[in-house]
Amino acid sequence: MLDGWSVLAAWAATAGHLRLAMLVSNIIYRHPAVLAKHAITVDQLSGGRLDIGVGAGVYSTDRAMAGVPQWPAGERVDRLEEFVQAINLALRGQASFEGRYYRFDAARVVPGSIQRPRPPILIGAAGPRLLRLTARHADGWSAFGGIDVADEDAFLAALRRQTIAIDRYCDEIGRDRRSLRRLLLAFRPLRPWRSADALSMLSEQAHALAFDEIIVYKPADDDERRAFDAAVTDTLPALRSL
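Here's what I pulled together on the structure shown here. (Residues numbered from 1 in each chain as written. Predicted model: local features only at pLDDT ≥ 70, side-chain atom pairs only at ≥ 80, totals over all residues. Heavy atoms only, no water.)

Here the focus is the pairing of strand S8 (residues 181–185). Burial within S8 is extensive, with five of its five residues counted as buried. Note that strand S7 (residues 140–143) and S8 share four bridges and pair parallel. When the sheet's bridge partners are listed, Ser142 is paired in S8 with Leu183. Sheet topology places S8 next to strand S9 (residues 213–215); three bridges connect them, and they run parallel. Considered in S9, the bridge of Leu185 is made with Ile215. (Buried < 20%, exposed > 50% of the residue type's maximum accessible area, 1.4 Å probe, protein only. Helix = DSSP H or I, 4+ residues; strand = E, 2+ residues; numbered from the N terminus. Pairing = 2+ DSSP bridges.)

Structure below.
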């Protein structure tokens, strides 16, 4: 698979109206100060159209390829929280950071991002601790249901539970629920291109759960491509008219 940040740089120069994001950038592969440099570059190239998605990483293959140990689940969350704090400061121009897992010094962020004080930070979250972290530290929540969800009904049920939880966590810290941008990643087993009506049905379900955006994957085969073409022609204009 291609490197996502390199692809984003190419899209930044060619897709002149779309917002761009990694959903999500795995913290296993990059140091927060290095990721801040990537993000500022893409934000500059795109004219300020970048969202920064980050996640703790769950796949053992990622660790094997990066040559890092298998972190326990609790440590993954601790690392992600510290990572978000570190990249937030790096993007804002702070030269140094000293944490338990991450540190940097003499960092320079020139010319900085176009978006001020920094591009929005989105967190991919499904479990309770990550949802709480998202409510506390993120500008947006990238929801994906969870890894290895059995079917669409189970996905939507998990999404309802997660929505209730993240609303509660916002309330606990006095955050306006509406200030947290909510993106639904149509992760497996969702199939928005399984039929001409599937995207419309998914949109209704997402809207009922107060999601702002749906992120979809490209069609996987000819049948899905036909449903995609129908959605572009009919479904999307109807949704936009609402």
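What follows deals with empty space enclosed by the protein. What the rule picks out here adds up to one cavity of 30 Å³ or more. Volume-wise, the largest cavity comes out at about 50 Å³. Forming the boundary of the largest cavity are Glu152, Leu190, Arg191, Pro192, Arg194, Ala198, Met201, Leu202 and Gln205. It is helix H7 (residues 198–208) that provides the largest number of residues to the lining of the largest cavity, a total of four residues. For the lining of the largest cavity, the per-class residue count stands at five nonpolar, one polar and three charged. (1 Å grid on protein atoms, 1.4 Å probe; cavity = no way out; pocket = protein on both sides within 12 Å on 5 of 7 lines; lining within 4 Å. Points joined across faces, edges and corners; volume = space filled by probe spheres on them. Nonpolar A, V, L, I, M, F, W, Y, C, P; charged D, E, K, R; others polar.)

What follows concerns helix H6 (residues 152–172). The end-to-end C-alpha distance of H6 is 30 Å, a good match for the 30 Å that 21 residues give at a rise of 1.5 Å each. All buried positions along H6 are accounted for by Phe155, Leu156, Ala158, Leu159, Gln162, Thr163, Ala165, Ile166, Asp167, Tyr169 and Cys170. Of the surrounding secondary structure, the elements contacted by the buried residues of H6 are helix H5 (128–137), S7, S8 and H7. Taken from the residues just after H6, Gly174 is the one with a positive phi, measuring 75 degrees. (Expected span 1.5 Å × (residues − 1). Contact = heavy atoms within 4.5 Å.)

Right, let's get into the environment of Ala230. By secondary structure assignment, the location of Ala230 is in helix H8 (residues 222–241). Note: C-alpha distance between Ala230 and Pro119 (111 residues apart in sequence) is 34 Å. With sequence-adjacent residues up to four places away left out, Ala230 is seen in contact with Ala196 and Thr235.

Turning to helix H1 (residues 4–14), a few remarks are in order. Within the sequence span of H1, burial applies to Gly4, Trp5, Leu8 and Ala12. The buried residues of H1 all sit within an arc of 90 degrees when viewed along its axis, so they share a single face. What points out from H1, more than 90 degrees from its buried face, is the exposed set Ala13 and Thr14. For H1, the elements touching its buried residues are strand S1 (20–21), strand S2 (25–26), helix H2 (32–46) and strand S3 (50–55). (Arc of directions from axis to C-beta.)

Right, let's talk about the packing of H1 against H2 for a bit. Running from N to C, H1 and H2 point in directions that differ by 15 degrees, and their axes come no closer than 8 Å. Judged on the interaxial angle alone, H2 and H1 are roughly parallel. Both H1 and H2 take part in a crossing whose hand is left-handed. Together, Trp5, Leu8, Ala9 and Ala12 of H1 and Leu35, His38, Ala39, Val42, Leu45 and Ser46 of H2 make up the contact between the two elements. Residue composition of the contact of H1 with H2, by class: eight nonpolar, two polar and no charged. (Axes fitted to C-alpha atoms, helices over the stretch in contact; angles between N-to-C directions. Parallel < 35°, antiparallel > 145°, perpendicular 65-115°, else oblique. Left-handed = near helix turned anticlockwise from the far one by under 90°.)

Interpretation note: all reported values are geometric properties and have no functional meaning in isolation.
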